[in-house]
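Listed below are the residues making up each chain.
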Amino acid sequence: MRFLPFLVMFLFASSIVFSQKETTSIQSFYPYKNEIGINFTNVLGNVLSLNPNNANSPYGLTYRRHLGKTSFRTAFSLQVNNEKNSDFENGFFVTRTINQTTSQFRIGLEKHIVLNKRVLFSYGFDILGKVMTDNSSVQDSNGFGTVTFTSKETTFGGGAGPMLRLEFKISDRLFISSECSLYGFYSSTTENLEFGNQPSEQTKSSDSNIELLLPQSLFFNISF
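About the criteria used
- Residues numbered from 1 in each chain as written.
- Predicted model: local features only at pLDDT ≥ 70, side-chain atom pairs only at ≥ 80, totals over all residues.
- Heavy atoms only, no water.
- Phe/Tyr/Trp six-rings, centres within 6.5 Å; stacked < 30°, edge-to-face > 60°.
- Helix = DSSP H or I, 4+ residues; strand = E, 2+ residues; numbered from the N terminus.
- Buried < 20%, exposed > 50% of the residue type's maximum accessible area, 1.4 Å probe, protein only.
- Salt bridge = Lys/Arg side-chain N within 4 Å of Asp/Glu carboxyl O.
- Core = buried A, V, L, I, M, F, W, Y, C linked by side-chain atoms within 4.5 Å.

1. Quick word on the packing of aromatic side chains
Phase 1: Throughout the structure, instances matching the rule amount to five aromatic pairs.
Phase 2: Taking the centre distance of 5.7 Å and the plane angle of 40 degrees together, the rings of Phe 29 and Phe 175 count as tilted. Residue Phe 29 is found in helix 2 (residues 26-29), and its partner Phe 175 is found in strand 7 (residues 174-195); the two are separated by 146 residues along the sequence. In terms of burial, Phe 29 and Phe 175 fall into one category: buried.
Phase 3: With 4.4 Å between their ring centres and 25 degrees between their planes, Phe 40 and Phe 220 make a pair best called stacked.

2. With respect to the pattern of salt bridges
Phase 1: Counted by the stated rule, this structure contains twelve salt bridges.
Phase 2: Among the ionic pairs, Glu 35 bridges to Arg 64, the shortest N-O distance being 2.7 Å. One end of the pair, Glu 35, is in strand 1 (residues 34-39); the other, Arg 64, is in strand 2 (residues 61-67), with 29 residues separating them in the sequence.
Phase 3: The residue Glu 167 makes a salt bridge to Arg 165 at a minimum N-O spacing of 3.5 Å.

3. Side note on the nonpolar core
Phase 1: The biggest cluster of nonpolar side chains holds seven residues, and these are Tyr 59, Ala 75, Leu 128, Met 163, Tyr 183, Phe 185 and Leu 213.
Phase 2: Residues Ile 26, Phe 29, Tyr 30 and Leu 120 belong to the second largest nonpolar core, which totals five residues.

Structure, rendered in structure tokens:
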């Protein structure tokens, strides 16, 4: 499943490259200015009974605005997780609460090269951002009182890097695409710990990395 999007795009491209060559303008390739993309990797993996867990794009929804030979591109994702459970352990009633929110976004510009009337190659540069909050608490209660342990964690991150994109045109309104990128990313995390009436403790950490992401996600794009 890891290289399925790349294989699909390669097969489409190969079938067109060996067909009759025709000169196509960017205006003919993109007759509409706006485009919304949906990450279709999981659906395709389920249909083909494959495991799509290797798909590494964090973005479920993308938007592009075509400006001639250049397009403005953006993508985002949002994940919210709220959990609460209670049980009885070692003579204590224990209540656990977890509230997690993760949002990621990407903005950039890409330049197009029309290979033929069905296949387009793009290259560009992206700026990335990430905000994550993780608030959790554990409350122990018995006949003598209640003790609460609370952890509040906040992460801010940002990065940038170049990208390459291959897109196949099914019709004037429907396209499929996959891409690869080389992103550098830096994030900083602050965590505040509180235990009962004790003074809070704060810890800070940071992380940085450079990662090459190969084509592992397939997007269906709709123009309007």
